[in-house]
Amino acid sequence: MKTMIVADFTVMKSTLAQLAGICAAVALIMGVVMDTMAGAVAAIAAMTPFTFLFSLCAYDEQNGWERFRLTLPLSRRQVAFGRYATMAVLCAAVALFSLVVGFLVVAVASWASEGLGLSVPPGLTWAESSAAAMTASALASIAVILAACAVALPLLMRFGMTRATRFVPLVVVMALALGVGLFSDHMPDSGAVFGFLQWLEAGNGTNLVLFA
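Residue numbers here run from 1 along each chain, matching the order of that chain's written sequence. This being a predicted model, a pLDDT of at least 70 is required before a residue's local features are given, and a value of 80 or more before pairs of side-chain atoms are given or counted; all residues contribute to the totals for chains, interfaces and linings. Note: side-chain values were computed over all heavy atoms of the structure, leaving out hydrogens and water.

Colleague: When you look at the packing of helix α2 (residues 13-34) against helix α3 (residues 37-63) in this model, what are you seeing that I'm missing?
Modeller: Packed helices, taken two at a time, are described by their axes: the angle between them and the distance between them. As a packed pair, α2 and α3 sit with axes 8 Å apart at the nearest point and diverge in direction by 150°. Relative to α3, α2 is oriented roughly antiparallel. Crossing angle aside, the handedness with which α2 passes α3 is right-handed. Along the contact surface, α2 presents T15, L16, L19, C23, A24, V26, A27, M30, G31 and M34, while α3 presents M37, G39, A40, A43, I44, M47, T48, T51, F52 and S55. Among the residues making up the contact of α2 with α3, the classes are represented as 14 nonpolar, six polar and no charged. Fitting a line to C-alpha atoms yields each axis, with helices limited to the stretch in contact; the angle taken between N-to-C directions then spans 0 to 180 degrees. Runs of H or I in DSSP of at least four residues are treated as helices and runs of E of at least two as strands, each being numbered from the N terminus. An angle counts as roughly parallel when it lies under 35 degrees, as roughly antiparallel when it exceeds 145, as roughly perpendicular when it falls between 65 and 115, and as oblique in every other case. In this scheme the handedness of a crossing depends on how the near helix is turned from the far one: anticlockwise by less than a right angle means left-handed, clockwise means right-handed. Two residues qualify as a contact provided that any one of their heavy atoms is within 4.5 Å of a heavy atom in the partner residue. Lys, Arg, Asp and Glu make up the charged group, whereas Ala, Val, Leu, Ile, Met, Phe, Trp, Tyr, Cys and Pro make up the nonpolar group; the residues left over, Gly among them, are polar.

In structure tokens, the structure reads:
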């Protein structure tokens, strides 16, 4: 399993560096536009692992590594656990990376606002984007991505990257429909939902931690 983890990260080293740079740039733009760094941290934590997973599976299929691994003295179970371990390690590292980026941006913005008297978006200061809010958003995003990987990985390993992309959206929609059907009795009525949407539209949603 350790060998598989090292092999995965070695193969995707350059791609992972590019993803980190792209996600950090996107998160900075999102932080300025949405006026909250908590949402930007959540975006880094969500985008990087999921993009990494599909890029890695596409690389495996393109270069025939899926068939080659079956010739090694490894069972399918060991191969699957190795890929799950890779994603677990990556998610932990990405969560830390997203928090470092978030803390760094907020620290610099707060220093520019308080120390230099410059005008910066209020959402990029400690008053609006606290360490607790950014940590909560990062952990929530990682939890969602791990759940998504748990659904996507079996399909990717069973059908391959090309065919699995046809089934992943179907499985997600079915899971959502099943969830709505099972928990519909516990969901708020339409009036409460409409009131909540109006509350968000009034601008109060910028104070929420984004968990997507």
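Colleague: It is not clear to me how the pattern of salt bridges should be interpreted in this structure. Could you clarify?
Modeller: Opposite charge on two side chains makes pairing possible when the charged atoms of those side chains draw close. Criterion for a salt bridge: a side-chain nitrogen of Lys or Arg within 4 Å of a carboxyl oxygen of Asp or Glu. Across all of its chains, the model carries two salt bridges by this definition. Note that D8 and R83 form a salt bridge whose closest N and O atoms lie 3.3 Å from each other. Placement of D8 in helix α1 (residues 2-11) and of R83 in helix α5 (residues 76-114) is noted, with a sequence separation of 75 residues between them. D8 gets classed as buried once you look at its relative accessible area, which sits at 1%. The buried category is assigned to R83, whose relative accessible area is 4%. Connected via shared salt-bridge partners are D8, D60 and R83. For each residue, the accessible area found with a 1.4 Å probe, counting protein chains only, is set against the maximum for its type, and the residue is called buried under 20%, exposed over 50%, and partly exposed in between.

Colleague: Would you take a moment to explain the packing of aromatic side chains for this structure?
Modeller: How two aromatic rings sit relative to each other is given by the distance of their centres and the angle of their planes. For Phe, Tyr and Trp, where Trp contributes only its six-membered ring, two rings pair if their centres lie within 6.5 Å, and the inter-plane angle classes them as stacked under 30 degrees, edge-to-face over 60, or tilted in between. All told, the structure shown has three aromatic pairs when counted by the stated rule. Ring geometry for F50 and F54: centres 5.1 Å apart, planes at 70°, overall edge-to-face. Taken as a pair, F50 and F54 lie in helix α3 at a separation of four residues, close to a single helical turn. On the basis of relative accessibility, which here comes to 26%, the residue F50 falls in the partly exposed class.

Colleague: Would you explain the state of the cysteines in this entry?
Modeller: Each disulfide consists of a covalent bond between the sulfur atoms of two cysteine residues. Here, a disulfide means two cysteine sulfur atoms that sit within 2.5 Å of each other. Following the criterion strictly, the structure yields zero disulfides and no others. Residue C57 stays outside any disulfide, its sulfur separated by 9.2 Å from that of C149, the closest cysteine. Taking relative accessible area as the criterion, C57 reaches 4% and is therefore assigned buried. Here C91 is not disulfide-linked; the sulfur of C149 is the nearest cysteine sulfur, at 5.6 Å.

Colleague: Before we go on, may I ask you to explain the nonpolar core in this structure?
Modeller: Considering soluble globular proteins, one finds that nonpolar side chains tend to be buried as a cluster. Definition used in this section: a nonpolar core is a set of buried Ala, Val, Leu, Ile, Met, Phe, Trp, Tyr and Cys residues joined via side-chain atoms within 4.5 Å. The biggest cluster of nonpolar side chains holds 21 residues, and the ones touching the most others in it are F52, L53, M87 and L156. At the level of secondary structure, the elements contributing two or more residues to this core comprise α3, α5 and α6 (131-183). Beyond its immediate chain neighbours, meaning those up to four positions away, M87 contacts P49, F52, L53, C149 and L153. A27, I44, L99 and A133 belong to the second largest nonpolar core, which has 16 residues in total.

Colleague: Can you walk me through a nonpolar patch on the surface in this structure?
Modeller: Each patch is assembled from residues with relative accessible area greater than 30% and no salt bridge, linking like charges that lie within 9 Å and nonpolar side chains (Val, Leu, Ile, Met, Phe, Trp, Tyr) that lie within 5 Å. Note on areas: Shrake-Rupley with a 1.4 Å probe; residue coverage comes only from the protein chains shown. On the surface, L28, I29, V32 and V33 cluster together into a nonpolar patch covering about 380 Å² of accessible area. Secondary-structure assignment places I29 in helix α2. A residue is classified by how much of its surface remains accessible, and I29, at 56% relative accessible area, is exposed.

Colleague: I would appreciate a short explanation of the confidence of the model for the protein chain in the present structure.
Modeller: Detail in the predicted coordinates should be disregarded across regions flagged by low pLDDT. On average, residues of the protein chain score 75 in pLDDT, and 76% of them reach the 70 mark or higher. You can read pLDDT as the predictor saying how much it trusts each residue, on a scale of 0 to 100. For the protein chain, helix α7 (residues 190-201) is the element with the lowest average pLDDT, namely 46, and α5 is the one with the highest, namely 86. Low pLDDT, under 50, characterises residues 187-194; the stretch is placed with two contacts to residues that sit more than four places away or in other chains. Within the model, pLDDT remains below 50 along residues 203-212, and this stretch shows 22 contacts once partners closer than five positions in the same chain are excluded.

Colleague: Is there a simple way to think about the side chain of T36 in this case?
Modeller: Its place among the elements puts T36 in the loop between α2 and α3. One polar contact links the side chain of T36 to the main-chain amide nitrogen of A38, over a distance of 3.3 Å. N or O atoms within 3.5 Å of each other form a polar contact, as long as, within protein, one can give a hydrogen and the other can take it, and as long as residues adjacent in sequence are counted only when both atoms are side-chain atoms.

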